[in-house]
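Chain by chain, the residues run as shown.
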Amino acid sequence: MIKVGDALPAVTLMEYVEVEGNGCSLGPNPVKLPEALAGKTVAVFAVPGAFTPTCSEKHLPGYVAQAEELKAAGVDEIWCLSVNDAFVMGAWGRDQKVAGKVRMIADGDAAFAKATGLTLDLNGKGLGLRANRFSMLVKDGKVATLNVEAPGKFEVSDAGTMLAQAKQG
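Residues numbered from 1 in each chain as written. Predicted model: local features only at pLDDT ≥ 70, side-chain atom pairs only at ≥ 80, totals over all residues. Heavy atoms only, no water.

**Quick look at unusual backbone geometry**
Following Leu-33, the chain continues to Pro-34 via a peptide bond in cis, the omega torsion being 0°. Structurally, Pro-34 can be placed in the loop between strand 2 (27-32) and strand 3 (41-47). Despite not being glycine, Ala-110 has its phi angle at roughly 65°, a positive value. Position of Ala-110 among the secondary structure elements: in the loop between strand 5 (103-106) and helix 4 (111-116). A positive phi angle, near 50°, is found at Asp-140, a position not held by glycine. (Helix = DSSP H or I, 4+ residues; strand = E, 2+ residues; numbered from the N terminus.)

**What to know about the UniProt feature "active site" (unreviewed entry) in the chain**
The UniProt feature table records "active site" (unreviewed entry) at Cys-55. You can call Cys-55 buried: its relative accessible area is 0%. Sequence-distant contacts of Cys-55, that is, excluding residues within four places in its chain, are made with Val-47, Pro-48, Gly-49, Leu-60, Pro-61, Trp-92 and Arg-133. (UniProt positions renumbered as here; feature names shortened; annotations may be inferred. Buried < 20%, exposed > 50% of the residue type's maximum accessible area, 1.4 Å probe, protein only. Contact = heavy atoms within 4.5 Å.)

**Looking at the nonpolar core**
In terms of nonpolar packing, the biggest core is built from 25 residues, with Leu-60, Ile-78, Cys-80, Trp-92 and Val-102 touching the most fellow members. Listing elements by their share of this core, those giving two or more residues are strand 3, helix 1 (53-65), helix 2 (67-72), strand 4 (77-82), helix 3 (86-96), strand 5 and helix 5 (159-167). The residues touching Leu-60, leaving out its near neighbours within four places in the chain, are Phe-45, Cys-55, Cys-80, Trp-92, Gln-96, Val-98, Val-102 and Met-104. Grouped together as the second largest cluster of nonpolar side chains are 24 residues, Val-11, Leu-33, Ala-46 and Met-136 included. (Core = buried A, V, L, I, M, F, W, Y, C linked by side-chain atoms within 4.5 Å.)

**A short note on the pattern of salt bridges**
For the coordinates displayed, the defined rule picks out four salt bridges. Where Asp-6 meets Lys-3, a salt bridge forms, and the shortest distance between an N and an O atom there is 3.4 Å. Between Arg-103 and Glu-77 there is a salt bridge; the shortest N-O distance is 2.9 Å. Separated by 26 residues along the polypeptide, Arg-103 in strand 5 and Glu-77 in strand 4 bring together distant segments of the chain. You can call Arg-103 partly exposed: its relative accessible area is 22%. Residue classification places Glu-77 among the buried residues on the basis of a relative accessible area of 17%. Each member of the salt-bridge network shares a partner with another, and the members are Glu-15, Lys-40, Glu-77 and Arg-103. (Salt bridge = Lys/Arg side-chain N within 4 Å of Asp/Glu carboxyl O.)

Listed below in structure tokens is the structure:
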């Protein structure tokens, strides 16, 4: 499993873009790591699935609510990552009103989850291989903090924990 001090893997994720601009076309656009993280401090949190109860009621809304505080603490961007396709992540972002606050990043084939060792096997429950629930503060492409949840838990990857870690520098 990835650990503090490690660089994030050189994988390409996807993001659904609602408005053309800044070199992005409407629809799914590639997010190439580590280029997308170079020179930035990014709060990345992952959820097992878009539109699922804990993810939609607590995890994502916490980051949306605390986005300004996180940015004031030095976080350049907030990314929500899930093993869903870019269309689903875009729809979930619209539903959760994340525009300008949280980037909805799709790990459609679980490349990031597998490369970091942060997978959650939900085969037999109809969900397949997913990303474990976690959060990490990433500075210039390297993991500065990592908070991995135990199965079925939501205790350490929340926005409040991330905010406290961002404030510590």
